[in-house]
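Residues per chain, in single letters:
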Amino acid sequence: MSDLTTPSTIPFPRLRPWLAVVPLLLIVGYLVLMDNGALSQTGTFLHELLHDGRHLLGVPCH
């Protein structure tokens, strides 16, 4: 039986890749699902790419 008062260690070497990937995925998810031109003002290509991505995922955008 394990002692519940002994603190466990967090395996940071195993978490390091996730610390880089998760913020990137959150940014991409925001751009595809929520951004309606606020950040994609760089040109029509990026806006249309994200717009088509919303349609592909079935997210209502207009």
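Coordinates for the structure precede this section.
Residues numbered from 1 in each chain as written. Predicted model: local features only at pLDDT ≥ 70, side-chain atom pairs only at ≥ 80, totals over all residues. Heavy atoms only, no water.

*Asks:* Could you clarify how one ought to interpret a nonpolar patch on the surface in this entry?
*Replies:* Residues Ile-10, Phe-12, Leu-15, Trp-18, Leu-19, Val-21, Val-22, Leu-25 and Leu-26 make up a contiguous nonpolar surface patch of about 920 Å² in total accessible area. By the secondary structure assignment, Leu-15 is in helix 1 (residues 12–33). (Patch = residues over 30% accessible without salt bridge, like charges linked within 9 Å, V, L, I, M, F, W, Y side chains within 5 Å. Areas by Shrake-Rupley, 256 points an atom, 1.4 Å probe, with all protein chains shown as cover. Salt bridge = Lys/Arg side-chain N within 4 Å of Asp/Glu carboxyl O. Helix = DSSP H or I, 4+ residues; strand = E, 2+ residues; numbered from the N terminus.)

*Asks:* It is not clear to me how helix 2 (residues 44–57) should be interpreted in this structure. Could you clarify?
*Replies:* Since the α-helix advances by 3.6 residues per turn, residues separated by three or four positions end up pointing in the same direction. Between the first and last C-alpha of helix 2 there are 20 Å, a value that for 14 residues agrees with the 20 Å anticipated at 1.5 Å per step. Taken residue by residue, helix 2 has Leu-50, His-51, Gly-53 and Arg-54 as its buried positions. In an axial view of helix 2, the angular spread of the buried residues amounts to 155°, which keeps them on one side of the axis. Exposed residues on helix 2 whose side chains face more than 90 degrees from its buried face are Thr-44, Phe-45 and Leu-56. Structurally, helix 2 contributes buried residues whose contacts are with helix 1. Positive backbone phi, approximately 80°, marks Gly-58, located one or two places after helix 2. (Expected span 1.5 Å × (residues − 1). Buried < 20%, exposed > 50% of the residue type's maximum accessible area, 1.4 Å probe, protein only. Arc of directions from axis to C-beta. Contact = heavy atoms within 4.5 Å.)

*Asks:* How do you make sense of the side chain of His-51 when you look at a structure like this?
*Replies:* Along the polypeptide, His-51 turns up in helix 2. Those residues in contact with His-51 that sit more than four places away from it in its chain are Cys-61 and His-62.

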